[in-house]
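Structural overview
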Amino acid sequence: MSSKESCRSELRTAIRQLSDRCLYSASKWAAEQLVGIEQDPTKFTPSNTRFQRGSSSIRRRFRTNEITSTPPTGVAYVSTPVMEEDEVIHGDFYLLAKSYFDCREYRRAAHVLRDQTGKKSVFLRCYALYLAGEKRKEEEMIELEGPLGKSDAVNRELVSLERELSTLCKNNMIDPFGLYLYGLVLKEKGNENLACKVLVESVNSYPWNWSAWSELQSLCTTVDILNSLNLSNHWMKEFFLASVYQELRMHNESLVKYENLQGNFTFSNYIQAQIAKARYSLREFEQVEVIFEDLLRNDPYRVEDMDTYSNVLYTKECFSALSYLAHRVIMTDKYRPESCCIIGNYYSLKGQHEKSVMYFRRALKLNKNYLSAWTLMGHEYVEMKNTPAAVDAYRRAVDINPRDYRAWYGLGQAYEMMGMPHYALHYFRKSVFFQPIDSRLWIAMAQCYESEQLHMLEEAIKCYKRAANCNDTEAIALHRLAKLHRELGHPEEAAFYYKKDLERMEAEEREGPNIVEALMFLATHYKAQKRFEEAEVYCTRLLDYAGPERETAKNLLRGMRIAQSGFPSMDVEHFHS
Amino acid sequence: MTGALKPPSAFAITPHKVSLCILVQIYASPSQISVPFPFSSVSQHNRLGVYLLALTKSCDDILEPKLDQIITQLREIGGLLDHWLTDHLTSRLSSLSSPDDLFNFFNDMRGIVGGPDSGVMDDDQVILDPNSNLGMFLRRCVLAFNLLTFEGICHLLTNIGIYCKEAMSSCSSYELRRLDDSGNDLESLSEYENMDLNLVFKKINEEMEARKRATEQVSFHLHLPKELSTLVEDIEVFADPKSEHNDKGRESSPYASSGDLLRDFDPNGGVFLRTNWQIQGYLTEQADAIEKHGSSFTLNAFELTLRQLQKLAPELHRVHFLRYLNSLYHDDYFSALENLHRYFDYSAGIEGFDFVPPTGCNSFGRYEIALLCLGMMHFHFGHPKQALEVLTEAVRVSQQHSNDTCLAYTLAAISNLLSEIGFSTTSGILGLPFSPMTSVGTSLSVQQQLFVLLKGSLKRAESLKLKQLVAANHLSMAKFDLTHVQRPLLSFGPKASMKLRTCPISVCKELRLGYHLISEFCCEGSTMTTDGAFSTAWLKNLQKPMGSLVLSQDNSSRNNSNPFLFCTQPSSIPGSVLQLVGSSYLHRATAWEIYGSAPLARVNALVYATCFTDASSSSDAALVYVKLIQHLAVFKGYKEAFAALKIAEEKFLCVSKSRILILKLQLLHERALHRGHLKLAQQVCDELGVLASSVTAVDMDLKTEASLRHARTLLAAKQFSQAAAVAHSLFCMCYEFNLQVESASVLLLLAEIHMKSGNAVVGLPYALASLSYCQSFNLDLLRASATLTLAELWLSLGSNHTKTALSLLHGAFPIILGHGGLELCGRAYITEAKCYLSDPNFSVSDNPEVVLDPLRQASDELQALEYHELAAEAFYLMAIIFDKLGLLEKREEAAASFKNHIMALENSQNVEDPLLSV
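Residues numbered from 1 in each chain as written. Chains lettered and ligands numbered in written order. Predicted model: local features only at pLDDT ≥ 70, side-chain atom pairs only at ≥ 80, totals over all residues. Heavy atoms only, no water.

Quick look at the packing of helix α26 (residues 477-487) of chain A against helix α27 (residues 491-507) of chain A
Residues and elements named next belong to chain A.
- α27 packs onto α26 with a crossing angle of 155° between their chain directions and a minimal axis gap of 8 Å. Viewed along their axes, α26 and α27 adopt a mutual orientation that is roughly antiparallel. In this structure, the crossing between α26 and α27 has a hand that is left-handed. Touching Leu-478, His-479, Leu-481, Ala-482, Lys-483, His-485 and Arg-486 of α26 are Glu-493, Ala-494, Tyr-497, Tyr-498, Lys-500, Asp-501 and Arg-504, all from α27.
- Of the residues belonging to the contact of α26 with α27, the class tally is 6 nonpolar, 2 polar and 6 charged. (Axes fitted to C-alpha atoms, helices over the stretch in contact; angles between N-to-C directions. Helix = DSSP H or I, 4+ residues; strand = E, 2+ residues; numbered from the N terminus. Parallel < 35°, antiparallel > 145°, perpendicular 65-115°, else oblique. Left-handed = near helix turned anticlockwise from the far one by under 90°. Contact = heavy atoms within 4.5 Å. Nonpolar A, V, L, I, M, F, W, Y, C, P; charged D, E, K, R; others polar.)

Encoded structure:
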């Protein structure tokens, strides 16, 4: 409990410091976590805990594992001292600069602080310059758009900022916030190794700056880089690790971390959304939906991560829920890429693909590197039978993130549609390489091998086997395996897979022609093998079905009788009794 | 995005274009006199015009030149005017200090171009024709400026500032007025730029250094142990290897310091791309260069350029294709595959020269081209089965989309694949989609299928008027005719009319047909590249000393027209056509080689080497050198061959599996066999075997050759049964893969093995079989040599067969003496002498010259070849004859020579032993 208390006081100070330095998104994040910490119910009246209704079933589930994940650390948990450096007069300048900054007049803010030497003033001046440069960059990007694509506009402040910050860093006159900015500049300039080092230094000395952690996270593109970081222990590190794991597609590890964190931050919307995203990647749609519903109840104007929710609603074909969500986000903030994406999803579900493409385009206009929008737009183009455009969209997605298996899969599908299965194989191979546990990908690849143009059945069998080993929810693989083996004349293997398929269908209580087919094959197969007892079992089961198979089964039984006893025919009904 | 392609308004106004406008204004200032103000002569005036034209067209780089580059060039061009021109240019540029100045400037520009009705022009008034090249350029500039937004104009202004400042910092002699808007950041920016550029230059320099070092150290590559290289080194070579060393270092060994070059560029205000047209031209030229130089093309420097280009123009997808080519020729499979897919994903196969997809004609993209390229890639990397699968798919898809052109090319590619790589069977691969062409079904043999494919492809190419493809098809048809007996595809009725011979006439006909079509070729290729290439060459020559020499005499002579124009006149025939013509000569050379006419083969190879090496790919050029050197080795002995090899090694990069390396091994092997260094021979032979089945693919030709040489080595070591076994299995392989020309020589070898093992009777049928092979494939020289072996066989059957042997030998003599190499002639002479000597009716004392003369000839030739064993035999026979004749002095002389050769034969083995024991 004390750790909760200490977290709380740490965060409170941190929020003040962060917003004093105009690091707003970091302070927003910290505030969210602060409110996310569970209050002591004895101390607070219900009105205080209004935001923290622990009513949902999910929350209750996590109550049980009350792990205080805050490890003993080397970091001194002193509440950071307030306003130590700048004198009062300079403090006035700082206040003016901060006001300018808050009005987004960055250059003016920087100008006011031009002669200030205090660490805080220097940081704000540099940060304001950086943001001014970023703003100008965005504008130039549109102004300079050439016929062959965007001419790469650069933040023109980077050079001077890097020079200044590196001098400060060398002279040890830099605080953690300055280090964060330095890391940011280095990263923009492409000096990623040094950026990593500087950011690590920043988070080690001031762990509450989530922006620094997220920059660091974007630099951790492989596990090796992550392991090479020398991070001191702090509970913020757990947040960082969880987020890195998620980016690195280590969803289970990430989930464990987040669930641990939920011990302290029980009511954090952030953690809840991250858990939902992880579960979405693990394809646990039911739970994701519940989490998001809960989240929206507590935080109805949230737009972040809602695109994931819309994806879930899309897969579950919840028309009205999706339209409701779309309505809600568009009222909240129309020009967010997530909003556009949600509307795109809605139109896609309605089958209005042109409109859907329009909204995905808008999302991409707002954020050119919005990965899932590219992929989803590719899907829409596939629906519209505009394969070249689909291929283009998917390709952009994989060029942004080469590990995006959905886009690789989409590329494969597009080429398969064009009747180029051999060419498509390359893409399917890529997609299964990045996501080997998804049976759908294996099945798609197998179908590609099976196509009449290629007719490479051995390879198809290998793929189906992989698919059957992953949890193949639609149970296509077993049936296809059995069938292929039968066609290739491997009765033993065929019988094995038919049997498995049969067991599975029984377990799931499914009906259909597949059962009859399996029973039929098994009956004839065992009869041919002279294993009459088993054959009889299958034949008798066949008798329950109507149709020509029933007659065949009767004949089979009769034949076996004869073969077994040498007696002339015996009535089947008689035997049956 | 194919769905939403932006309109191609590729012309952006940049500082460089502004300075061009200023120069054009000087060039075409409206005045009443024929030579306008600053110019003192017409030629001077014209020179500036040509220079401006070249600047707008040249495609030697992706980036526009900086101001200081232009100033240096102007110095070359302007002569006495140099100062005036540069001053005017710089002052005019620096006077542009506000957006309004720019507006006024472009308004002035409009005045230079004549109106639309300027068809009737005053002769003496210089006004730019609006439809001339420069006029168009000016108009485009004005138009582009008018389309600019105010922000765009501001950017232009800033950029002009940077542009001037850079020039000023590099050549301080030109005083520029400081631009008033120069802030702190501007200065730091340009500084930053310079830093960056320096870094790049430094890196490239480093790369070159490293490469140079690499080539200096590694003279002999990869597989061979050190001793072998020393063996080559000890042959005296008279060529001067130093002369070209530096140049070569620059071109070769592209693998160096790759790591740090992968650093990113920071594009910034001072860097501008040239026009789309120029960049496309540049890329095309680079593609040609990659194909031409193969793996000796610089990998990293070009990759750096491509990276920059991609950053500056992300929608220019051709970059990916160039990347694919670059990695293809550097044998980087994964990167090649990745880039190929990426290129076609983005471009859908319809991004061509003009970047505008043909509107409306095909919205599906042309992915069949992707398949064709992928197939060729697999072929290049030696995955024939995959290549065939992909190409089959390409056939199907092109049929589906009725893209006949692609289909024709795909068929040509498949037939090329089938003829290059030995398939014992194609059943199950070449299947369904071919049935419309091969209505006979798939029961045909590979050769028959190949024939049908070739015919089909030729017909298609002819009907589509794809001249180059037709020519290429004729060439491959010739190749087919050369090595295959044509049989009717379906044989009904009596088979009496079947003629089981290859037909040299049809080979000749095909070669001529190919050549004929090419000579008809009338500049159909894009004029763009030649035009651009011309301008590039012109600009490059500016820097050459010769340029300044001409410029120094300047305005004194009016009629001295520009000499550049003559020395850089580009040929009107595109490089690809030249390549095809060249390869027809190469085919001729090979054909004559197979038919056995050494002089004709040599002449054709020489024609190729002198006329087509500039246009040809480096591997083809290497092939010709190989042919010439082999010729030297056979006819002039090893000393000269190795000297020539040295030169060839200087010229071509000696990487693994290059033809030059193989040639070196071949020569070493032959020489070792002749000298009797059997261990060395075996070692070299093993090396060849390794090269034949490398990681990438099995090279059937090389494999055959390696095992043939293995059998020969065993024969020389007198291990007859083993040699016979190797030769026998080799024959089986040749039979399976239909390598019939090779079968003939294997059979001949078998005959020799049996002869040497003393089983002449067993050898006879082999020799006869070889003879019949030679007859049906018109292998005249091989036939002569088979006849020789047959004669030797008869001779060894006993003295009563000498008549037969002698008559056989005399029948073969014309060809042997006319076309045979040293060894063959020597052998023939010795056999002739032996025939006479073993004839009981022949007496030496009556007619000594009949035997002595051939023996002398033989000994001369074999000595040149350092063939100790046979030379010793010749001297031995001579000594015996002299003994019989009673010429004791001469006898001693011959005996001494005999002894020398025998000693050399034995010594060499002793000497070499410790060296090779490693």
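Digging into the domain arrangement of chain B
All names here are of chain B.
- By domain assignment, chain B separates into domain 1 (15-116 + 125-170), domain 2 (692-788) and domain 3 (821-917).
- Between the C-alpha centres of domain 2 and domain 3 the distance comes to 27 Å.
- Across the domain 2/domain 3 interface, buried area totals approximately 420 Å², and carbon plus sulfur atoms make up 64% of it.
- In this assembly, domain 2 and domain 3 are joined by 0 salt bridges.
- In terms of residue count, the dominant contributor to the side of domain 2 that touches domain 3 is helix α34 (residues 780-796) (3 residues).
- Residues that form the side of domain 2 that touches domain 3 fall into these classes: 2 nonpolar, 1 polar and 2 charged. (Domains from an automatic or database assignment. Buried area = accessible area lost by both parts, 1.4 Å probe. Salt bridge = Lys/Arg side-chain N within 4 Å of Asp/Glu carboxyl O.)

Quick look at the confidence of the model for chain B
Residue and element names in this part refer to chain B.
- Confidence in the prediction for chain B averages 72 pLDDT; 69% of positions are at 70 or higher.
- Confidence drops under pLDDT 50 across residues 353-362; counting only partners more than four residues distant or on other chains, this segment forms 13 contacts.
- Low confidence marks residues 543-570, where pLDDT is under 50. Its contacts with residues over four positions away, or in another chain, come to 32 contacts.
- As a predicted assembly, this complex carries a pTM of 0.76 together with an ipTM value of 0.77. (pLDDT = per-residue confidence, 0-100.)

Here we look at helix α29 (residues 532-542) of chain A
- For α29(A), the full list of buried residues reads Phe532(A), Ala535(A), Glu536(A), Tyr538(A), Cys539(A) and Leu542(A). Across the axial projection of α29(A), the buried residues extend over an arc of 170°, all falling on one side. (Buried < 20%, exposed > 50% of the residue type's maximum accessible area, 1.4 Å probe, protein only. Arc of directions from axis to C-beta.)

Considering unusual backbone geometry
Residues and elements named next belong to chain A.
- Unlike most non-glycine residues, Lys-385 shows phi in positive territory, near 60°.
- Following the sequence through the fold, Lys-385 ends up in the loop between α20 (371-383) and α21 (387-400).
- Given a relative accessible area of 60%, Lys-385 falls into the exposed group.

Examining the environment of Ala615(B)
- Of note, Ala615(B) is situated in the loop between α25 (598-611) and α26 (618-636).
- Note: C-alpha distance between Ala615(B) and Ser584(B) (31 residues apart in sequence) is 13 Å.

Focus on the UniProt feature "repeat: TPR" (unreviewed entry) in chain A
Residues and elements named next belong to chain A.
- Here the UniProt-annotated "repeat: TPR" (unreviewed entry) positions come out as residues 337-370, 371-404 and 405-438.
- Taken end to end, residues 371-404 is 79% helix and 0% strand, and its first and last C-alpha atoms sit 8 Å apart.
- Within the segment residues 405-438, helix and strand shares are 79% and 0% respectively, and the terminal C-alpha atoms sit 10 Å apart. (UniProt positions renumbered as here; feature names shortened; annotations may be inferred.)

What about the packing of aromatic side chains?
- Applying the stated criterion across every chain, the model contains 43 aromatic pairs over all chains.
- Measuring from ring centre to ring centre gives 5.2 Å for Phe105(B) and Phe106(B), while their planes differ by 85°; the resulting arrangement is edge-to-face. We note that Phe105(B), like Phe106(B), is buried.
- Pairing Phe321(B) with Tyr343(B) gives two aromatic rings, centres 5.0 Å apart and planes at 55°, and the pair type is tilted. With Phe321(B) in helix α13 (residues 318-329) and Tyr343(B) in helix α14 (residues 333-347), the pair connects residues that are 22 residues apart, well separated along the chain.
- Pairwise contacts between aromatic rings join Phe101(A), Tyr106(A), Phe123(A), Tyr127(A), Phe177(A), Tyr206(A) and Trp208(A) into one cluster.
- Lys120(A) extends its terminal NZ or CZ atom over the ring of Tyr94(A), reaching a point 4.6 Å from the ring centre.
- Of note, Arg588(B) hangs over the ring of Tyr585(B), and the distance from its end group to the ring centre comes to 5.1 Å. (Phe/Tyr/Trp six-rings, centres within 6.5 Å; stacked < 30°, edge-to-face > 60°. Lys NZ or Arg CZ within 6 Å of the ring centre and 35° of its normal.)

Describing the environment of Glu157(A)
Residues and elements named next belong to chain A.
- If you trace the backbone, Glu-157 turns up in the loop between α6 (119-143) and α7 (158-170).
- Linking Glu-157 and Phe-434, residues 277 residues apart in sequence, is a C-alpha distance of 38 Å.
- Apart from residues lying up to four places away in sequence, Glu-157 is in contact with Arg-107, Leu-129 and Gly-133.

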